[in-house]
Amino acid sequence: MTSRERSPGLDRKRVYTSHFNASAMSASMPAYVEIFDTTLRDGEQTPGVALSVEEKIRIAEALSDLGVDVIEAGFPVISDGERESIKKISALGLGSRVCALCRSSSKDIDVALDCGVSYVHTFIATSDVHLKHKLKMTRQEVKARAVGAIEYAKSHGLTVEFSCEDATRTDLDFLKEMHIAVQQAGVDKINLPDTVGVVSPPAMEFLVKELMTVTRVPLSIHCHDDFGLAVANSLAAVRQGARQLHVCVNGLGERAGNASLEEVVLGLMAFFNVQTRVDPRKIGYVSKTVANLTGMPIPGNKAIVGSNAFAHESGIHVHGILGDPSTYEAFGPELVGMERSIVVGKHTGVHSVKEKLSEYGVVLTDEQISKVVNEIKKLAESGKHVDDAELVALAYHVAGQRAGEERKVKLKEFAVFTGLNITPTAVVSLEVDGANKRGSEIGVGPIDAAINAIRQVVSDKISLVEYRLSAITGGSDALCEVGVKLQYNGEKKAMSVGRSVGSDIVQTSVDAAVEAIDRLYSRMSKD
Ligand code: KIV
Ligand code: ZN
C-alpha cells in the first residue's frame, strides 16, 4: 500500500465499545491523523535492543506495508551502521516517508542529507532543567539554535519537523515563543514530546489547547509511558486538534517505551472514528515481526497483540463468547490480524472443554466432559498448565482409550543425520493403514527434519502449527515433554495434537508427531 492510499479502516459494525464514548467527541478533533512511527529510532533505544541493517530494512518494509505515514529510520550521527540503514531504507522507495532525527545543528543535517532523506526531525531541549544541567545554554541561545537549524534544513529543500525536547516541563510562555519562532523559520510540523512521560491526559489537553492558539502548522505528539499514560495522552491531544502521533510498535522505546502503535490506531478508530492510513488487519503480523527481530517478547496481557488479548478461560466468559463474541470482546481478533483462543484452566467450564475438544474431533458424553473438567481443575490448582495436547490426552484417557490402541499410523523405524556442515536429514518408515511407507526430508535441525519426513509420508497437506518442548527434570539426560500440533489443510481443515515424554528429545518429538498424525489420519479417513 502506498502512503497515499486509504486503508480499509476498522469495520465499526464489529466493534463493541461503550456508547458513552460519544460524549468524548470534540469539535477540534481532526477527521484524519498521521502516524509517525519511531520504532527504528526511539524503539531501538529500548534497553537491550540493537537491530542490524537487514533487520531495520525488514521492519521498514513491514511498516510501509502497514500504512504508516512517516518512518523515523534512525539518528544518522550516532554510527556508520545507522547511516547505512537510513541510506538503504530511503533508497527503497517505500510508500511511507522516511525521516532522520537530527540535533539542531547543520552538521547533523548534512549527515542526514548524505543519507538521502527528504525529511528531518530536528530537536533541542527547552525545559529549564535540561538547559541548566544538560545543555548549559540560555533560552535565547536554544531558540537561536533551533531557528538556525530549521533555516539550514529548509534551504536544502527538506521537510522539517521540530521538537522542543521535554516540552511538558517547559515554561508555557517560552514554549509558545519557540513555536512562533520555528514557524517563522519555515518549519513544516511541530512535535510536542512528553519526553519523561510526566503529563496527565487532562493536562495534555490543556497544553495542546494553549499551543493551538499560536500553532498554524500541524501539531504532532510524542508520548513516553513512564506512568502508563502514553496512549491516553496521545488520544487526549487529538481531542484538542493534534494531527500526528508518534508511536512505536509494541510500545517499544526509551525506558518504559512510547505510545504503542496498535493501541493508538485502534483507540483513534474505535473511540473517535478518526481515520489513519494504517491497515488494522496487518497489525498482528507487524507486531510479531518486530518482536522477533528486536528479541523483545510481547507480554501475554498486552492489549491488542498479546497472546491473551483474545484468549478466554473463564467458563462464564467462554459460554458468552460461544453465544456471541461481543459479550466479552471489544472487537473481533480478525480485525487486527489476531486469533481467538479458548484456554483451559482452573476457571474452565464444560462449554470450553466441549468446544476445544471439538476442534480436535474428540466427542465425549456430558458425563465424560464433566470428568475432564474436574481433572483440569485439579491439575490447574496444583500449578500445572494444561495445554491442548494434555487436554486431548486427558479426554482419551477419560473415554477409556489407551495411547497406541487401534493406531492407523505406526512408527516402524527412523534415523536422523546431523552434524557440522551437514544439512539435517531424516529417514522414516511408517505403517499407514497396514501399508509400509518410507520417506526422507531435510530440516533446520534433526527434529524439524524428522517431523517433516513424517508429514511427507502421510500427506503433503499436513502442516506443523506448534511444537513445544519443556524439560521436566534437570541434567543432560533430563526428561522432556514434547507437544506437537498439526493441521490438515485439505478441503476440510482439521487439527490434532500429540504429546510424549521421554529422555531423548528427537525420539520424544517423533513419538509426539506420530501420535498427532495418527489422530489426524483417523479423522481424515473418517471424513
Ligand atoms: O522523547 C523525546 O523527547 C524524543 C525527542 C528526540 C523527540 O525522543
Ligand atoms: Zn522519545
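Every value quoted in this text rests on a predicted model; they were computed, and no experiment measured them. (Residues numbered from 1 in each chain as written. Chains lettered and ligands numbered in written order. Predicted model: local features only at pLDDT ≥ 70, side-chain atom pairs only at ≥ 80, totals over all residues. Heavy atoms only, no water.)

Colleague: Would you mind going over the environment of Asp37 with me for this structure?
Modeller: Assignment of secondary structure puts Asp37 in strand β1 (residues 34-37). Here the alpha-carbon distance between Asp37 and Val247, two residues 210 residues apart in the chain, equals 5.0 Å. Setting aside residues up to four positions removed in sequence, Asp37 forms contacts with Leu63, Val68, Val70, Ile71, Glu72, Val247, Cys248, Val249 and Leu261. (Helix = DSSP H or I, 4+ residues; strand = E, 2+ residues; numbered from the N terminus. Contact = heavy atoms within 4.5 Å.)

Colleague: Sorry, what's going on with the pairing of strand β2 (residues 70-74) here?
Modeller: In summary, the side chains of a regular strand alternate between the two faces of the sheet. The buried fraction of β2 amounts to five of the five residues, a majority that puts the element mostly inside the structure. For β1 and β2, the ladder comprises two bridges, and the chain directions are parallel. Among the inter-strand pairings, Asp37 is bridged to a residue of β2, identified as Ile71. The parallel pair β1 and β2, bridged by helix α1 (residues 53-66), forms a crossover whose chirality is right-handed. Sheet topology places β2 next to strand β3 (residues 97-103); four bridges connect them, and they run parallel. (Buried < 20%, exposed > 50% of the residue type's maximum accessible area, 1.4 Å probe, protein only. Pairing = 2+ DSSP bridges. Right-handed = clockwise from strand over helix to strand, strands pointing away.)

Colleague: Please clarify how the pattern of salt bridges should be interpreted in this entry.
Modeller: Where charged atoms from two side chains of opposite charge approach closely, those side chains can pair. Overall, the coordinates contain 43 salt bridges when judged by the stated rule. The partner of Lys356 in a salt bridge is Glu359, and the shortest N-O contact between them spans 3.9 Å. One end of the pair, Lys356, and the other, Glu359, are both in helix α12 (residues 350-359), three residues apart, so they sit about a helical turn from each other. Of the charged contacts, one joins Asp518 and Arg407 as a salt bridge, the two residues approaching to 3.9 Å between their closest N and O atoms. Remark: Arg407 occurs in the loop between α14 (388-398) and β11 (409-419) and Asp518 occurs in helix α16 (residues 505-526); sequence separation between them is 111 residues. Under the relative-accessibility criterion, Asp518 is labelled buried at 8%. For Arg407, a relative accessible area of 22% translates into the label partly exposed. Through salt bridges that share partners, Lys356, Glu359, Asp387, Asp388, Glu466, Arg468 and Lys485 make up one connected network. (Salt bridge = Lys/Arg side-chain N within 4 Å of Asp/Glu carboxyl O.)

Colleague: Before we go on, may I ask you to explain the packing of helix α11 (residues 315-323) against α12 in this structure?
Modeller: To characterise two packed helices, one gives the angle between the axes of the helices and the distance between these axes. Between α11 and α12, the shortest axis-to-axis distance is 7 Å and the interhelical angle comes to 55°. By the angle between their axes, α11 is oblique relative to α12. For the pair α11 and α12, the contacting residues are Gly315, Val318, His319 and Leu322 in the first and His351, Ser352 and Glu355 in the second. A breakdown of the residues in the contact of α11 with α12 according to their chemical character gives two nonpolar, four polar and one charged. (Axes fitted to C-alpha atoms, helices over the stretch in contact; angles between N-to-C directions. Parallel < 35°, antiparallel > 145°, perpendicular 65-115°, else oblique. Nonpolar A, V, L, I, M, F, W, Y, C, P; charged D, E, K, R; others polar.)

Colleague: I would appreciate a short explanation of the nonpolar core in the present structure.
Modeller: Taken as a class, soluble globular proteins show a tendency for nonpolar side chains to be buried jointly. Counting 93 residues, the largest nonpolar core has Ile35, Phe162, Leu192, Ile221, Leu261, Leu268 and Ile283 as the members making the most contacts within it. When sequence neighbours within four positions are dropped, the list of residues in contact with Leu192 reads Ala167, Leu175, Met204, Leu207, Val208, Leu211, Ser220, Ile221 and His222. (Core = buried A, V, L, I, M, F, W, Y, C linked by side-chain atoms within 4.5 Å.)

Colleague: Would you explain the packing of aromatic side chains in this entry?
Modeller: For any pair of aromatic rings, the description rests on two quantities: the centre-to-centre distance and the angle between the ring planes. Enumeration over the complete set of coordinates arrives at three aromatic pairs. Between Phe75 and Phe123, the aromatic rings sit 6.1 Å apart at their centres with planes inclined by 65°, giving edge-to-face as the arrangement. Of the two residues, Phe75 sits in the loop between β2 and α2 (80-90) while Phe123 sits in strand β4 (residues 119-125), which places them 48 residues apart along the sequence. Take Phe75 and Phe123: they sit in the same class, and that class is buried. (Phe/Tyr/Trp six-rings, centres within 6.5 Å; stacked < 30°, edge-to-face > 60°.)

Colleague: Before we go on, may I ask you to explain the coordination of the zinc ion (ligand 2) in this structure?
Modeller: Think of it this way: four donors in a tetrahedron around the metal ideally sit 109.5 degrees apart, and six in an octahedron ideally sit 90 or 180 degrees apart. For the zinc ion (ligand 2), the full set of protein donor atoms is Asp42 (OD), His222 (NE2) and His224 (NE2), at a range of 2.0 to 2.1 Å. Here the donor residues for the zinc ion (ligand 2) map to a single chain with the spacing D-x179-H-x1-H. Of this pair, Asp42 sits in the loop between β1 and α1 while His222 is found in strand β7 (residues 219-223), placing the two residues 180 residues apart along the sequence. As far as burial versus exposure is concerned, Asp42 and His222 are alike and both buried. (Donors = N, O, S within 2.8 Å, 3.2 Å for Na, K, Ca; no water.)

Colleague: Just to check I follow, could you spell out the side chain of Ser127 for this structure?
Modeller: Along the polypeptide, Ser127 turns up in the loop between β4 and α4 (128-135). Since its relative accessible area comes to 0%, Ser127 is described here as buried. Among all residues touching Ser127, those that are not within four sequence positions of it are Glu165, Asp166, Arg169 and Thr170.

Colleague: How do you make sense of a nonpolar patch on the surface when you look at a structure like this?
Modeller: A cluster of nonpolar residues, Ile472, Leu479 and Val501, forms a patch on the protein surface that exposes about 230 Å² of accessible area. Checked against the element boundaries, Val501 lands in strand β16 (residues 493-502). On the basis of relative accessible area, Val501 is assigned to the partly exposed category, the value being 42%. (Patch = residues over 30% accessible without salt bridge, like charges linked within 9 Å, V, L, I, M, F, W, Y side chains within 5 Å. Areas by Shrake-Rupley, 256 points an atom, 1.4 Å probe, with all protein chains shown as cover.)

Colleague: Can you help me understand unusual backbone geometry in this one?
Modeller: Residues apart from glycine generally show negative phi values, whereas peptide bonds are mostly found in trans. Positive phi, close to 60°, is recorded for Asp166, a residue that is not glycine. Secondary-structure assignment places Asp166 in the loop between β5 (159-165) and α6 (172-184). Phi angles above zero are rare outside glycine, and Asn273 is one such case at about 55°. Examined against the element boundaries, Asn273 turns out to sit in the loop between α9 (261-272) and α10 (283-294).

Colleague: Where do I start with the site of ligand 1 in this structure?
Modeller: Taken together, Arg41, Asp42, His121, Ser163, Glu165, Pro193, Thr195, His222 and His224 make up the full set of residues near ligand 1. Between His222 and ligand 1, the recorded distance is 3.1 Å, taken from a side-chain N or O atom to an oxygen atom. Take His224: an N or O atom from its side chain is 3.0 Å from an oxygen atom of ligand 1. Compared with its free state, where it exposes 260 Å², ligand 1 has 93% of that area covered by protein. Its residues assigned to classes, the shell around ligand 1 shows one nonpolar, five polar and three charged. (Near = heavy atom within 4 Å. Polar contact = N/O pair within 3.5 Å; in protein donor to acceptor, adjacent residues only side chain to side chain.)

Colleague: How should the domain arrangement of the protein chain be read in this particular structure?
Modeller: Many analyses report the size of an interface as the accessible area lost when the parts associate. In terms of domains, the protein chain is made up of domain 1 (28-294), domain 2 (314-400) and domain 3 (409-526). The distance between the C-alpha centroids of domain 1 and domain 2 comes to 44 Å. Between domain 1 and domain 2, the residue contacts involve six residues of the former and six residues of the latter. Here domain 1 meets domain 2 over a buried area of about 410 Å², counting both sides, of which 64% is carbon and sulfur. On the domain 1 side of the interface with domain 2, the three residues burying the most area are Leu266, Arg281 and Gly284, jointly 65% of the side's total. At the junction of domain 1 with domain 2, the criterion picks out zero salt bridges. (Domains from an automatic or database assignment. Buried area = accessible area lost by both parts, 1.4 Å probe.)

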